[in-house]
Amino acid sequence: MKRSPRDSEPYVTLDGSLIYEVVRPEFSRVNTVSLAVAEIPPGESTVPHYHLDFDEVYWVLEGRGIVHVGSRSLEVHPEDCVEIPRGSVHWVENDGSETLRILCVCSPPYRHETTVILGSKRTSRSSSPTRD
């Protein structure tokens, strides 16, 4: 089966990012992961949150930003990968001048019901990143 983010109707997820789903058990033959492209406009951020029952991996496609995981703030650019274990508080800031596009892989698949929101959106450039 072949799919593109353009095949999906985008929606805003609980963390505030615009999501284009590519792989989900409901419309895919793959049942153990979900894959989506998230977009965060310049100067925007997602809401701090964590997931109760799935791990997440981010792969930066375009743009730049800061991914916060626990107490760490990681500066990210295209082709950077960030692992987010279940239960880890995280959010993303776009501190660049173009849309930040991130490929998000969740295992098991993403579910709104097990995403816990912890606050409101933060402004960009709110903390100093570290480069790994």
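Treat the numbers as computed from the prediction; the structure is a model and nothing was measured. (Residues numbered from 1 in each chain as written. Predicted model: local features only at pLDDT ≥ 70, side-chain atom pairs only at ≥ 80, totals over all residues. Heavy atoms only, no water.)

1. Side note on the overall build of the protein chain
So, step 1. The secondary structure content of the protein chain amounts to zero helices and 11 strands.
So, step 2. Listing each helix as α and each strand as β along the protein chain from the N terminus yields β-β-β-β-β-β-β-β-β-β-β.
So, step 3. By the compact-globule yardstick of 14 Å for 132 residues, the protein chain fits well, its C-alpha radius of gyration being 14 Å.
So, step 4. The dimensions of the protein chain, computed from C-alpha atoms along their principal axes, are 40 × 30 × 25 Å.
So, step 5. Per-residue burial over the protein chain gives 43% buried out of 132 residues. (Helix = DSSP H or I, 4+ residues; strand = E, 2+ residues; numbered from the N terminus. Rg over C-alpha atoms; globule rule 2.2 N^0.38 Å. Buried < 20%, exposed > 50% of the residue type's maximum accessible area, 1.4 Å probe, protein only.)

2. Section: the nonpolar core
So, step 1. In this structure, Tyr 58, Val 67, Val 82, Val 92, Leu 100 and Ile 102 are the most contacted members of the largest nonpolar core, which totals 16 residues.
So, step 2. For this core, the elements supplying multiple residues, two or more each, are strand E3 (34–40), strand E5 (55–62), strand E6 (65–69), strand E7 (72–76), strand E8 (81–84) and strand E10 (100–107).
So, step 3. The contacts of Tyr 58, once residues within four sequence positions are left out, are Val 67, Asp 80, Cys 81, Val 82, Ile 84, His 90, Val 92, Ile 102, Leu 103 and Cys 104. (Core = buried A, V, L, I, M, F, W, Y, C linked by side-chain atoms within 4.5 Å. Contact = heavy atoms within 4.5 Å.)

3. Re the sheet that holds E5
So, step 1. With antiparallel pairing, six strands are arranged side by side in an open sheet as E1-E2-E3-E10-E5-E8. With partners counted over all chains shown, the strands left at the sheet margins are strand E1 (11–12) and E8, one partner each.
So, step 2. In this sheet, E10 lies alongside E5 in antiparallel orientation, the contact comprising seven bridges. Its bridge partner lying in E10, Tyr 58 is registered against Cys 104. (Pairing = 2+ DSSP bridges.)

4. A word on the confidence of the model for the protein chain
So, step 1. Per-residue pLDDT for the protein chain has a mean of 89; in total, 91% of the residues score no lower than 70.
So, step 2. Predicted confidence is poor over residues 123–132, with pLDDT under 50, and the contacts of this stretch with residues over four places away or in other chains come to 28 contacts. (pLDDT = per-residue confidence, 0-100.)

5. Digging into the pattern of salt bridges
So, step 1. Inspection of the entire model under this criterion finds seven salt bridges.
So, step 2. For Glu 39, the salt bridge goes to Arg 101, with nearest N and O atoms at 3.1 Å. In this pair, Glu 39 is assigned in strand E3 and Arg 101 in strand E10, connecting sequence segments 62 residues apart.
So, step 3. Residues Asp 55 and Arg 86 are paired through a salt bridge, measuring 3.1 Å at the closest nitrogen-oxygen approach. With Asp 55 in strand E5 and Arg 86 in the loop between E8 and strand E9 (90–93), this pair connects stretches of sequence that are 31 residues apart.
So, step 4. In this structure Arg 86 comes out as partly exposed when scored by relative accessible area, which is 38%. (Salt bridge = Lys/Arg side-chain N within 4 Å of Asp/Glu carboxyl O.)

6. A few points about unusual backbone geometry
The phi angle of most residues is negative, glycine excepted, and most peptide bonds adopt the trans form.
So, step 1. Backbone torsion omega between Ser 107 and Pro 108 reads -10 degrees, so that peptide bond is classified as cis.
So, step 2. Note that Pro 108 resides in the loop between E10 and strand E11 (115–117).
So, step 3. The phi dihedral of Glu 79 falls on the positive side, at around 80 degrees, and the residue is not glycine.
So, step 4. Looking at the element boundaries, Glu 79 is found in the loop between E7 and E8.

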